[in-house]
Structures are given as C-alpha cells and as structure tokens.
Amino acid sequence: MSSMSSVAGLSKYITTLPKTKFSIVGMILISILTGILYFLIDVTSYPLLAEIFYGGVYTLLIIGVPSIMSGALNQQVISILDGINVKIKHSMFLSALSMTILCLILVTGGAISRILNVDIFLNSLLFSCVLIYGFNTLVFWSTAKIRFTKAAATGLIQPVLILAMYILITFFVTDTSFMGPVILQIAIKAIIAGIIFVLAIYAFITVIASPFKKNLGIGVLDLLSLFIAHMNEGSNSLEGLFENMSEAIDTVVTFISFKTENGIKALFISPSVHPGPLGDLGGSNMPTILSNKFDCFTMVAHGPSTHDFNPIAVSEINKIEDAVKNGLKKVEYSPDASKFVRYNSENANIGVQFFNEGMVILSTFAPEGSDDIEFGVGLTMMAQSRSKCNVKDSVIVDCHNSFTAESGEVLPGNAEVFHLIDVIDKINPNQAKNSIKIGCWQTTMDDFGKQEGIGESGLKTMIIEVENQRTAYVLFDSNNMEIGFRQEIIDATSDLEIDELEVMTTDTHTVNTISRGYNPVGIVKRPEIIEYVKTSIIEAIKDLEKVEVGTGTEKIKNLNTFGPNNSTELISTISSVVAVSKIIAPVLLITSLLIAFIWIFFASF
C-alpha cells in the first residue's frame, strides 16, 4: 500500500461524538454499575441488597459526580486559556471515556483483591487517576492548541476531583484519625506517578514533532488541532498553516464550450489542478465551487494532476475561473464534431471525440485500478495528441473511475505512461465531422451524501449527438469509483437510447472526511445510483438541441499549491511518523506506566 493510502486510512479514526446528555447518562450508569460489581466481588461481605445499593451510590459519588463536574469545568478552562476544539460535547465525552477507563481498572482491581484476599481499592484508584491524567493531558495538548503546561494543569481537574471526593466521602463514613498520613501518602504517590507518566507523554510528542518541524517548518500539534477545528467547525484556519509550505506553480486548464443562439449552453472544463487535500480545505470542493462561477451547465472533470497540485486556499480557485473566462473570449465556434470512438493499448483505454479545432480524450485504466495521472504525463498526452491529430486543443480527462487502495499514481517511468502513449498513436485523426446536438441534466442526489461518496454537485450528465450517435458523458462529484462499478453502470444503461457512455468522477476530496478514507462512489447503494444515471440520461436526451462548439487551453499562472516537494514531504513525513509511533509509543508509555504501577502498589512509607 502506498504512503498516500496509509495516510488516507487514518481517516477511519474520524467519528462523530455523542450528544452531551448521552455522555452524562453514560457516566451515571457506568459509575453505578462499577460500584455494584466492585462490592459484589470485593473481599468485604455485606448483604446483597446493601452491596448493590451502597456500592452504586458510593461510586456514583466518588467517580460519576466528579467526572460530570470535570466535563463542565474542562470546557470552561480551555476556553479561558484561549484553546480551541473543546466544546461541552467533546469535554463530556472525554470525561466519560476517561471515567470508563478508570472503572475498568477498579473492577479489575476488585477481582484481584478477591483472588489475593487483599484490599487494593485505593491503589487501583490512584493508578487509574494517574492514567487518565496523562490521557487528558495528551488530548488537551494535541487538540486544543495550548501549551503543554496549560494542558497538564487542565488534565488535573478530573483526577483531582475524584481523589478529593474519595477523601471527603471517606472522612464522613469512617474513622478519620488515620486520614492525615493517608492523604499525605496519596498526594506523594499521585504526584510522583503523574510526573513520570506525563513526562513520557511529553517525550513521545517531542520525538514525533521533530520531523514535522525539521522537514516542513510546521508544528505537528498545530496541524492536528487545526485539522480537528476544520472537522468540528468547518474552520479554514489550516489553510494559513499550508501557506507556510506553499509553492507557486503554472499549470493549464482546457475546456469545451457549447453555444446556442442564446449564448453558452454548457461548459466542459478539465483543469490540471487537484481537488484536494480533504474536507472543504484548499481546492477540495473545486468542482462545485468552479462550476458555480458560471451561469450555464458546467461539468468540471478531473484533469491530469496529483496532490502536488492541491490549491492551498479556496481563494486560489478564482485563478482557474479567470483563466477559463479569458479563454472563452478567444473561442471560435463551429457546428463540427465527430463521433465518439474508443481505443485501447495494454491497460490504457481512451474515448476520443473531435470538436471543431480541438478534441477530448477520456482516459481510464478500467477494469484495472488506477489513481491520479501526473501533470507531466498529462502534458505529454496533450502534446502528442495535438501533433498526431493536428488540433489546436486537447482536453485530457482522467476519468478516475476504477479504485483500489493499492493503486498508485501514474508517474513518469510507469508502464502505464507508455500504454497511454501507445494508445494515442492509434487515434484516427481523419474522422468525419458533422453537426452536433447536446442535452444536459443534473441532480444533487439529495438522498445521498458524503457517507455514500457523493459530493455537493451530485451527478451531471451531458448527451452529445453526432450523426445519429448519442454519447453520454456521466460525471459524479465523487473521489473515484469502486472497481467494477463503471462496467455495471454501462451494462445497466445499454437498453437506453444511447450508443456510448463513459463514467467519470470529479475526484472531489470533500467526501474524504469520514471513516472510509478515499470513500469511492459505489461501495453502497449501487442500484439506487444506477437509477439516478438512467434518469439523468433520459432527461438529458429530452434537452437535446443543436449547438456550435469551440475549445480552449489557458495557462493558470502563480497558483499557490502544496508543490511537488512539499506534498511528497508531507505525506512521507506523516507516514513515517505513524510507523515510528507504533514502536515508540508502546515502549515509552508502557514503560512509564509500569514504573508508576510499581511505585503506587509497592512503595511504602
């Protein structure tokens, strides 16, 4: 699996947290249940009803209530410290999760107490408080964009409240003559164990942060916290961090314009700009944003580009718009177009159609899996096809319609590049041209969403009719397509009034913010999606009318992107840090916990 696949796979850890009320109810029930279980298995014997009642009330008071209080206080403290990302829902869930960890340790301690016939409740409580202190500190430091010292101080709230409530309850229900030495013992053990564990966390974060600072000049915790802010609130503050590592490039956008006597009816645009990195950051929603900048039906296909060409800010899309609009001023129109013809060589398959003085090449490696075609490869395809076919413009489209996680990008030197070169050599440049009709239809597919791999623009279909041949250009606002689904769509629409069909995806990365990483269309609800395609074809046919057509190629200058070096550096750094963390984290954290465990359970005063 490629580094990019590994990084994208990290999104499986992105999830939606429960509402505040569910976290509170959960803490109440779990704390009560923990007390009941502990009293039932503890060495001390009480009547059954007493164990159930007193056990539940006892742990509710010393664990449940302080945890609920900490959920409220943590959010307030982080807000006062000018931290981000910690809303009451997040704070309550963190307290609930920490409390659950504590309860599991207590119940385990109760079972050990029963087996060894010793009372280790206090030591189990201390050890679990140290554990959740480190956990809370790590979460606040890595997500709230605050200093380590502030995170460590905030992380104390929940364990201190629990221990304070334990001492208070003990003071009321037992002989208090021994409380002085016990409180001192608790304090010394907790402080030293807490320092040991939290220093291990500090060392771990420092180690993994070093490559980011050295290679990219950015802080890993800033990257993480701003990413979470984007996920939680739609904040684009992360784009400011990207500016520190951006690189200005020149690239191209190619397009086909279809015009009636009333003006432009439709645009088919293929920018060599990548719609990433993810969510609504940078150019991730470029296909929708760019298409909405034009007053006509507009399809924004996936041009040859990789993550190197991710715009670092949404505002960069304006440069693509300007380039297209400048190009439209120069377009010369005619009613001439050719039929759609397919060619193949090895794994490369292309569909070719000529429009006036230009042509379009729809490229796919289906049924084999594939990912992005690199810009340099796309430029080679443009130059070769213009020379071979004696055309002014060559609109190269990466159909991006056959996904596997193992598929890599099509880069210079790959065998796929030579397959593409060979297949372009097979194109017949002398195809007859006739008048052209087009029909358009689009739907946002409102009953689908990012979970099903469908972006904001849904589905767009354009029917092109030349000399009684009808070709359907079907474009999903999705990031690639589940392997095999393209052919399933082609087969399912074979009985409609069309002769050819090609399925494309925009490669939008807005759908990459949920649990399946790349999340290609076609993983779920295939029959429903096919029905949408059928409807779109039928409706587009009804819209057929004669048009004139023209093509254009424009340079996009000074587009601020991740850049070839920084994009690769970012992905490889993240991938390597993840790999190293799998080794360092267990060594550091388990060692520190083992030392804390020995200190708490075996140290005597």
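Residues numbered from 1 in each chain as written. Predicted model: local features only at pLDDT ≥ 70, side-chain atom pairs only at ≥ 80, totals over all residues. Heavy atoms only, no water.

Student: Please explain the overall build of the protein as it appears in this structure.
Tutor: The number of helices and strands found in the protein is 17 helices and twelve strands. Along the longest, intermediate and shortest principal axes, the C-alpha atoms of the protein span 105 × 50 × 40 Å. Per-residue burial over the protein gives 55% buried out of 605 residues. Surface accessibility of the protein: about 25,100 Å² in total, with carbon and sulfur atoms responsible for 59%. Computing the positive centroid from 40 side-chain charges and the negative centroid from 57, the protein places the two 4 Å apart. (Helix = DSSP H or I, 4+ residues; strand = E, 2+ residues; numbered from the N terminus. Buried < 20%, exposed > 50% of the residue type's maximum accessible area, 1.4 Å probe, protein only. Areas by Shrake-Rupley, 256 points an atom, 1.4 Å probe, with all protein chains shown as cover. Lys, Arg positive; Asp, Glu negative; His and termini not counted. Charge placed at Lys NZ, Arg CZ, Asp CG, Glu CD.)

Student: Is there a simple way to explain the pattern of salt bridges in this structure?
Tutor: If the charged atoms of two oppositely charged side chains come close together, the side chains can form a pair. This model, assessed by the stated rule, comprises 16 salt bridges. Here Asp543 and Lys265 are joined by a salt bridge, their closest N and O atoms 2.8 Å apart. Taken together, the residues span a long stretch of sequence, with Asp543 in the loop between helix 16 (526–542) and strand 12 (545–561) and Lys265 in strand 2 (residues 263–271) at a distance of 278 residues. By relative accessible area, which is 28% here, Asp543 ends up partly exposed. Among the ionic pairs, Arg342 bridges to Glu500, the shortest N-O distance being 2.9 Å. Of this pair, Arg342 sits in strand 4 (residues 341–345) while Glu500 sits in strand 11 (residues 500–505), placing them 158 residues apart in sequence. (Salt bridge = Lys/Arg side-chain N within 4 Å of Asp/Glu carboxyl O.)

Student: I keep staring at the packing of helix 13 (residues 375–389) against helix 14 (residues 415–425) and nothing clicks. Help me out?
Tutor: In helix packing, the relevant descriptors are the interaxial angle and the interaxial distance, both defined with respect to the helix axes. Where helix 13 meets helix 14, the axes come as close as 10 Å, and the angle between the chain directions of the two elements is 15 degrees. Our classification of the angle between helix 13 and helix 14 gives roughly parallel. The way helix 13 lies across helix 14 gives a crossing that is right-handed. Residue-level inspection shows Val377, Thr380, Met381, Gln384, Ser385 and Lys388 of helix 13 in contact with helix 14, the latter providing Val417, Leu420, Ile421, Ile424 and Asp425. Split by residue class, the contact of helix 13 with helix 14 holds six nonpolar, three polar and two charged. (Axes fitted to C-alpha atoms, helices over the stretch in contact; angles between N-to-C directions. Parallel < 35°, antiparallel > 145°, perpendicular 65-115°, else oblique. Left-handed = near helix turned anticlockwise from the far one by under 90°. Contact = heavy atoms within 4.5 Å. Nonpolar A, V, L, I, M, F, W, Y, C, P; charged D, E, K, R; others polar.)

Student: It is not clear to me how the confidence of the model for the protein should be interpreted in this structure. Could you clarify?
Tutor: Close inspection of predicted coordinates is inappropriate for parts of the model with low pLDDT. For the protein, the mean per-residue pLDDT works out to 89, and 93% of the residues sit at or above 70. Note on residues 1–8: pLDDT under 50 across the span, and 16 contacts to partners over four residues away in sequence or across chains. (pLDDT = per-residue confidence, 0-100.)

Student: Honestly, the packing of aromatic side chains in this entry has me stumped. Any pointers?
Tutor: Aromatic rings considered in pairs are described by the distance between their centres and by the relative angle of their planes. Applying the stated criterion across every chain yields a total of 17 aromatic pairs. A ring pair is formed by Phe309 and Phe375, whose centres lie 5.1 Å apart and whose planes are at 50 degrees; its orientation type is tilted. In this pair, Phe309 is assigned in the loop between strand 3 (297–300) and helix 12 (317–328) and Phe375 in helix 13, connecting sequence segments 66 residues apart. What makes Phe375 buried here is its relative accessible area of 13%. Between Phe340 and Tyr473, the aromatic rings sit 6.1 Å apart at their centres with planes inclined by 70 degrees, giving edge-to-face as the arrangement. On the criterion of sequence distance, the pair formed by Phe340 in the loop between helix 12 and strand 4 and Tyr473 in strand 10 (residues 469–476) is long-range, its members being 133 residues apart. The burial state of Phe340 is the same as that of Tyr473; both residues are buried. An aromatic cluster of three or more residues is present, and its members are Tyr38, Phe39, Tyr58, Phe121 and Tyr166. (Phe/Tyr/Trp six-rings, centres within 6.5 Å; stacked < 30°, edge-to-face > 60°.)

Student: It is not clear to me how the sheet that holds strand 9 (residues 459–466) should be interpreted in this structure. Could you clarify?
Tutor: In sheet architecture, strand pairing relies on hydrogen bonds along the backbone and comes in two forms, parallel and antiparallel. Within the open sheet, the eight strands sit side by side as 3-2-1-12-8-9-10-11. Their pairing is mixed. Every other strand in the sheet has two partners, leaving strand 3 and strand 11 as the edge strands with one partner each. The mean inter-strand angle of the sheet, taken between neighbouring strand axes irrespective of direction, is 20 degrees. Those strands touched by helix 12 are strand 1 (247–260), strand 2 and strand 12, and its axis lies near 140 degrees from that of strand 12. Set on the sheet, helix 15 (residues 485–492) makes contact with strand 10 and strand 11; between it and strand 11 the angle comes to about 145 degrees. (Pairing = 2+ DSSP bridges.)

Student: Would you mind showing me how to read the sheet that holds strand 4 here?
Tutor: In space, the four strands of this open sheet follow the order 4-5-6-7, with mixed pairing throughout. Bordering the open sheet on either side are strand 4 and strand 7 (393–398), each of which pairs with just one other strand. Taken pair by pair, the neighbouring strands of this sheet meet at an average axis angle of 25 degrees, ignoring direction. Judged from the seven bridges that link them, strand 5 (residues 348–355) and strand 6 (residues 358–364) form a sheet pairing that is antiparallel. Paired with Phe354 across the strands is Met359, a residue of strand 6. Of the strands in this sheet, strand 5, strand 6 and strand 7 touch helix 13, which is tilted by about 140 degrees from strand 7.

Student: Can you help me understand helix 15 in this one?
Tutor: Helical periodicity: at 3.6 residues per turn, an α-helix aligns residues three or four positions apart in one direction. Taken as a whole, helix 15 has its buried residues at Phe485, Arg486, Ile489 and Ile490. The buried residues of helix 15 occupy one face: seen down the axis, they fall within an arc of 145 degrees. As for helix 15, its buried residues are in contact with strand 4, strand 6, strand 10, strand 11 and helix 16. (Arc of directions from axis to C-beta.)

Student: What am I meant to see in the pairing of strand 7 here?
Tutor: Among the six residues in strand 7, six count as buried, and that is most of the element. Going residue by residue along strand 7, you find Asp393, Val395 and Val397 tucked away on one face and Ser394, Ile396 and Asp398 tucked away on the opposite face as well. Bridge count between strand 6 and strand 7: six bridges; the pairing is parallel. By the bridge assignment, Leu362 is partnered in strand 7 with Val397. For the segment spanning strand 6, helix 13 and strand 7, crossover handedness is right-handed. (Right-handed = clockwise from strand over helix to strand, strands pointing away.)

Student: Help me out: how do you make sense of helix 3 (residues 48–80) in this one?
Tutor: Along its 33 residues, helix 3 runs 47 Å from first to last C-alpha, staying within 8% of the 48 Å computed at 1.5 Å per residue. Of the residues trailing helix 3, Asp82 is marked for its positive phi of about 65 degrees. (Expected span 1.5 Å × (residues − 1).)

Student: What is the right way to look at the packing of helix 15 against helix 16 in this model?
Tutor: At a closest axis distance of 10 Å, the pairing of helix 15 and helix 16 adopts a crossing angle of 50 degrees. Regarding the angle of helix 15 to helix 16, the classification is oblique. Helix-helix and strand crossings are classified by hand; for helix 15 and helix 16 the assignment is right-handed. Every residue of helix 16 that contacts helix 15 at Phe485, Glu488, Ile489 and Ala492 is listed here: Arg526, Ile529, Ile530, Val533 and Lys534. When the residues that make up the contact of helix 15 with helix 16 are grouped by side-chain class, the tally is six nonpolar, no polar and three charged.

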